[in-house]
Amino acid sequence: MDSTGARSDGPVDRSGSPARLPLPLLVGRAREQALLREELAAAVGGRGRLVLVGGEAGIGKTTLARDLTREAEERGLRVLTGACYDLPNTPPYGPWLDLFEGCRRDPGLPPPPDAFAGGQLARVTDQAALFADVRRFFAALTADRPALVLLEDLHWADPASLDLFRHVGHHLRHWPILFVVTYRIDELTCGRPFAHQLPVLVREADGRRLGLHPLDADALHVLVAGRYGLPSAAEDRLVAYLERHAEGNPFFATELLRSLEEDGLLRWGADGWILAALDRVIVPSLLRQVIDGRVARLGDGTRKPLAIAAVIGQELPLALWAEVAEFEEEALLDVVEQAVGAHLLEADRDGIRVRFVHALTREALYEGILPPRRRIWHRQIAEVLLAGAAPDPDAVAFHLQEAGDPRAWEWLVKAGDRAQRAYAWLTAAERLRAAVALLEGGEGDVEMRCRLLYRLVHLRRFSDPAGALAPLTEFERLAARAGDALLAAQGRYARGLLLCYSDRQRDGLSTMVDGIEALEAIPQDVADVLATIRANAMAGFTGTHARQTSADELAAGRLRAAGLDWLRFVTFWFGASAGKPRDAAAAGERFLTVLADLSGATEGIRYAASFAHHGLGIAYAALGRPEAAWERWTTARTIFRDLGHHVLVAFTVLNELWDLVYPFGTADPATRRRYAAEAEAALERASGALPPGISPRLAWLSCFVLDGRWAEAFQILQDLPTPGNSYLRREVSGPRATIARHHGEPVLAWAQIRPLFPAGPATEPGDLIHQEGLFLQRLAADLCLDTGDLPNTHAWLTAHDAWLAWSGSVLGRADGQLAWARYHRVAGDAERARSRIADALALAAMPEQPLVRLGAYRLLGEIEIADDRYSEAETQLTTALALADACDVPFERALTLLALAEVRAAKGETGEAVRLLDEIRGICASLGATPTMARADALAARLAAKPRIGSHPFGLTQRELDVLRLVVAGRS
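Computed from a predicted model, the values in this text were never measured in an experiment.

## Considering the overall build of the chain
No. 1: Secondary structure assignment for the chain yields 44 helices and ten strands.
No. 2: By the burial criterion, 59% of the 972 residues in the chain qualify as buried.
No. 3: Across the chain, contacts joining residues at least 24 apart in sequence account for 70% of those joining residues at least 6 apart.
No. 4: Summed over its atoms, the accessible surface of the chain is roughly 37700 Å², and 52% of this surface lies on carbon and sulfur atoms.

Laid out in structure tokens, this is it:
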């Protein structure tokens, strides 16, 4: 019987009579069973699905899931199971290793993906390839029959496992497979990666959440009646006892029943089961004493080996257990058989391992061991693991840590190295953090602590740059204590990097340059200095140290002669992003000229060159040179991809979308969608270095705004955690504010703008990503115009002009002129509005910027309508409509159609106006664009109030009659 009372034949009494009736497999879970069977049937029918079963510990998740696996096996489905275990140092992809371990032992299943084929995680050089291998595995698994996959206790999963799980979730619909996951709701704390990922998993995979609640009194009656057949009064007493002490938890209830049986308070008599008085029974606290009592009844010979088993972990390789417990094989098997009979353990099919029936069983046993004894056993386990071939660094590190062994930090670093090579950066950072903590207090380990802290800072720079300032501060403190100028300069450089990723680019660049200049001033051989810096920087990226070559030495000498330092490569990117494209372009060009024609360059030199190319891409786009920008970005992407640096591949593609494709290539919608898909794929590969819960689909947000897929954008934005750095936050704030404005939610729109502009329009440039800042300034001006707030509109647009003048940027000027034109039109100055439109159109032609031209022609058409120049208005609006269709931007089409409907209404073409309004309302209804819908409804109401064509003499329109009246009155 497992945690909630799975079927058991049970003991017999001393006379040999049957001691109990077979227990129902499940009680109180009929609804949940029906839902799972429904999903299983759908999978058999070819529709894949994810179901997440949640509840407190012992609530019956495992029993429910395993009931489903039994049914699936009976129906001929392939069944795979894996689990996470409560091991603080669970290796990257831990539950997947467990899942694919079953494939290695079953020749009837497809071979596991290469990274998992050896039973331990192989080096992951390409996360995309790993994900593709897993996809191919599931496609092969379900090629000839459907499958059920069960992953248990996913609340303990590492970030890398969850990233892979999210990826698989995207594709479940393509396979006849039901994926069931169990998790504890009481473990959904902010520190658990699963807590952040859960909403995204449900949303992205169209998953179904199934929450298990405590059993009620009726279910407990079924449990008791099905097992004991007590008289009614005794059954009521026993159910009340269970209600009071088990609180509806099936596992606790089952264990209490066993405890009552073992204590003779619930026993078989001549006429059936007898329940003694329960008033004086002291309920164990709760589970630990129940388990202790059961172990005691097995005899002294089982207590110690079971306690050692609890120290080893939830899953127990028999060879490891035997060696640590110093048991012969036969003696250990006796213990196993007794523990299985007592429902403490269950045997795996492979015959080489067993596992605890429930995690709570192991936890209760573990807590019952005195800490000094635990430490000794943890050390013994670690020694056995170390003596084996290819010991798992996470397992070794965990046991050494628990043993208080001074070698623990070394194995934590090895575990971190492995995680980093697998691009599981968050796991790697956690291992290094633990290693640093173990080294605290030692006097001779300052250099090693600094090295680990520096790596830790770099590993967290994308996921939590603000949080990484804490370990950096410790690094700086140690460097100051050691009086090491090189370390101090590196600390300033790293601090600048973190500030740049935290929307503080002005301070970040200044601090970074200060650190570089300090490095340049260090009176020591430049090759040695550069080698040290490059090794530390690359270790923060790859987990290994870069090898110094003659090409590196030649590059160092050339850079030094040109007055440049190797680390300046980052400043080109951040300088261009912060709004100084000319300076960044000049410096980046010099840097790449020095590094030209260097063959045999190592990762470090190529890494530096890729940053320079990326910075030049940003700079050239800002300076209105899209072709040159595209060439540089293509080169940067290629190098980043070759190096396997997926985050920077994603950032490069996202930068291209913002600064190149959206402004200059809007008339080619297929290209923006291709880039968004590429950015999504890169973010998915980079997920191990990003905050938990960040959906790779945020790459589509701006694209969806243009494409009119606002509902999909809103789904992505739902439950999305705060992005870890400025380059991901930009992908969220702009689209969220834009949609909010057009949904008629200005408060939400302003909430995206105000935190980034603490002084409002008076906020100085240089901290934000410059093009994002310009975009948000224009959006702020539009929000002010929406309410007729002309003074604040003027203030925001004046700030926009000031930012452009400060940066020298070309990109943004055409948009700025168009924004001024909108301001002057609302202010009632049509001539100045026309002048600004002319300037916007001229700037939007050098180079071509389709969206600015679209907005300019539409605004010009609206001005012509106000001047009763309907033919001219129609010409301008027709041009705008053609651009809207070329760019495939439905909302812009709706706005343009609304102006055209005004023209048709003014010309008396009511039928055509009504047709246009119907199309507008169809577009706006799907978008949720209520303010625009209201404008369309207002025009429709005006049309309904006017007489129809044909109701006037001679078939004249209302407009023609108005003109005739003016003529009669002597007016034009």
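So that's the structure; there's more coming.
## Things to note about the layout of surface pockets
Empty space among the atoms can be located by rolling a probe the size of a water molecule over them.
No. 1: By volume, the second largest pocket is sized at about 1800 Å³.
No. 2: Lining the second largest pocket are 48 residues, with Arg741, Asp782, Arg822, Arg858 and Glu892 positioned closest to its centre.
No. 3: Going through the elements one at a time, helix H29 (646-664), helix H31 (701-707), helix H33 (726-742), helix H35 (770-786), helix H37 (813-826), helix H39 (850-866), helix H41 (890-906) and helix H43 (930-945) are the ones with two or more residues in the lining of the second largest pocket.
No. 4: No other element matches the eight residues that H39 contributes to the lining of the second largest pocket.

## A word on helix H38 (residues 830-843)
No. 1: Across its 14 residues, H38 extends 20 Å between first and last C-alpha, which sits within 8% of the 20 Å expected from 1.5 Å per residue.
No. 2: Of all the positions in H38, only Ala833, Arg836, Ile837, Ala840 and Leu841 are classed as buried. Projection of H38 onto a plane perpendicular to its axis shows the buried side chains occupying an angular sector of 140 degrees, all on one side.

## As for the environment of glycine 404
No. 1: As for its placement among the helices and strands, glycine 404 is situated in the loop between helix H16 (393-403) and helix H17 (408-421).
No. 2: Residue classification places glycine 404 among the partly exposed positions, given a relative accessible area of 40%.
No. 3: With 29 residues separating them in the primary sequence, glycine 404 and arginine 375 have C-alpha atoms 7.1 Å apart.
No. 4: Look past the residues within four positions of glycine 404 in its chain and what remains in contact with it is Arg375 and Arg379.

## Details of the packing of helix H32 (residues 710-717) against H33
For any two helices packed against each other, one specifies the inter-axial angle together with the distance between the axes.
No. 1: For the pair H32 and H33, interaxial distance at closest approach is 11 Å and the crossing angle is 125 degrees. Overall, the two elements H32 and H33 adopt an arrangement that is oblique. When the axes of H32 and H33 are compared, the crossing they make is left-handed. Residues Trp710, Ala713 and Leu717 of H32 form the contact with H33, whose own contacting residues are Val732, Arg736, Ile739 and His742.
No. 2: For the contact of H32 with H33, the per-class residue count stands at five nonpolar, one polar and one charged.

## So, the confidence of the model for the chain
No. 1: Model confidence for the chain is summarised by a mean pLDDT of 86, while 88% of its residues fall at 70 or above.
No. 2: At the level of individual helices and strands, the chain shows its lowest average pLDDT in helix H23 (residues 526-542), which scores 47, and its highest in helix H36 (residues 790-807), which scores 98.
No. 3: Here residues 1-24 scores under 50 on pLDDT; set against residues more than four positions off or in separate chains, the count is 58 contacts.
No. 4: Across residues 529-546, where pLDDT falls below 50, the model places 54 contacts with residues more than four positions away in sequence or in other chains.

## Things to note about the sheet that holds strand S10 (residues 353-356)
No. 1: Sheet architecture is open: three strands sit in the order S8-S10-S9, paired in antiparallel fashion. Unpaired on one side and paired on the other, strand S8 (315-317) and strand S9 (345-347) mark the two borders of the sheet. Within this sheet the neighbouring strands show an average axis-to-axis angle of 25 degrees, counted without direction.
No. 2: Relative to S10, S8 is paired through three bridges, and the arrangement is antiparallel.

## What to know about the pattern of salt bridges
A pair can form between side chains of opposite charge whenever their charged atoms are brought close.
No. 1: Inspection of the entire model under this criterion finds 64 salt bridges.
No. 2: For arginine 504, the salt bridge identified is with aspartate 507, shortest N-O distance 3.6 Å.
No. 3: With a closest N to O distance of 3.8 Å, glutamate 872 and arginine 869 form a salt bridge.
No. 4: By relative accessible area, which is 36% here, arginine 869 ends up partly exposed.
No. 5: Several salt bridges converge on common partners, so that one network encompasses Glu831, Arg834, Glu864, Asp867, Arg869 and Glu872.

## Re a negative patch on the surface
No. 1: Residues Glu328, Glu329, Glu330, Asp334 and Glu337 make up a contiguous surface patch of negative charge.
No. 2: Of note, glutamate 328 is situated in the loop between helix H12 (318-325) and helix H13 (329-341).
No. 3: Residue classification places glutamate 328 among the exposed residues on the basis of a relative accessible area of 64%.

## Brief notes about the packing of H29 against helix H30 (residues 669-685)
No. 1: Where H29 meets H30, the closest approach of the two axes is 8 Å, and the angle between their N-to-C directions is 160 degrees. The angle between the axes of H29 and H30 places the two elements in the roughly antiparallel class. As H29 packs across H30, the resulting crossing turns out to be left-handed. Together, His646, Val649, Ala650, Val653, Leu654, Glu656, Leu657, Val661 and Tyr662 of H29 and Thr671, Arg672, Tyr675, Ala676, Glu678, Ala679, Ala682, Leu683 and Arg685 of H30 make up the contact between the two elements.
No. 2: Considering only residue class, the contact of H29 with H30 consists of twelve nonpolar, two polar and four charged.

## Side note on the pairing of strand S1 (residues 49-55)
No. 1: Counted residue by residue, S1 has seven buried out of seven residues, so it is predominantly covered.
No. 2: Of the two faces of S1, the one carrying Arg49, Val51, Val53 and Gly55 and the one carrying Leu50, Leu52 and Gly54 are both buried.
No. 3: Of the pairings in the sheet, the one linking S1 to strand S4 (residues 177-184) comprises seven bridges and is parallel in character. Counted as the bridge partner of valine 51 is valine 180 from S4.
No. 4: When S1 meets strand S5 (residues 208-211), the two strands line up parallel, connected through four bridges. When the sheet's bridge partners are listed, leucine 52 is paired in S5 with arginine 209.

What counts, and at which threshold
- Residues numbered from 1 in each chain as written.
- Predicted model: local features only at pLDDT ≥ 70, side-chain atom pairs only at ≥ 80, totals over all residues.
- Heavy atoms only, no water.
- Helix = DSSP H or I, 4+ residues; strand = E, 2+ residues; numbered from the N terminus.
- Buried < 20%, exposed > 50% of the residue type's maximum accessible area, 1.4 Å probe, protein only.
- Contact = heavy atoms within 4.5 Å.
- Areas by Shrake-Rupley, 256 points an atom, 1.4 Å probe, with all protein chains shown as cover.
- 1 Å grid on protein atoms, 1.4 Å probe; cavity = no way out; pocket = protein on both sides within 12 Å on 5 of 7 lines; lining within 4 Å.
- Points joined across faces, edges and corners; volume = space filled by probe spheres on them.
- Expected span 1.5 Å × (residues − 1).
- Arc of directions from axis to C-beta.
- Axes fitted to C-alpha atoms, helices over the stretch in contact; angles between N-to-C directions.
- Parallel < 35°, antiparallel > 145°, perpendicular 65-115°, else oblique.
- Left-handed = near helix turned anticlockwise from the far one by under 90°.
- Nonpolar A, V, L, I, M, F, W, Y, C, P; charged D, E, K, R; others polar.
- pLDDT = per-residue confidence, 0-100.
- Pairing = 2+ DSSP bridges.
- Salt bridge = Lys/Arg side-chain N within 4 Å of Asp/Glu carboxyl O.
- Patch = residues over 30% accessible without salt bridge, like charges linked within 9 Å, V, L, I, M, F, W, Y side chains within 5 Å.
- Lys, Arg positive; Asp, Glu negative; His and termini not counted.
- Charge placed at Lys NZ, Arg CZ, Asp CG, Glu CD.

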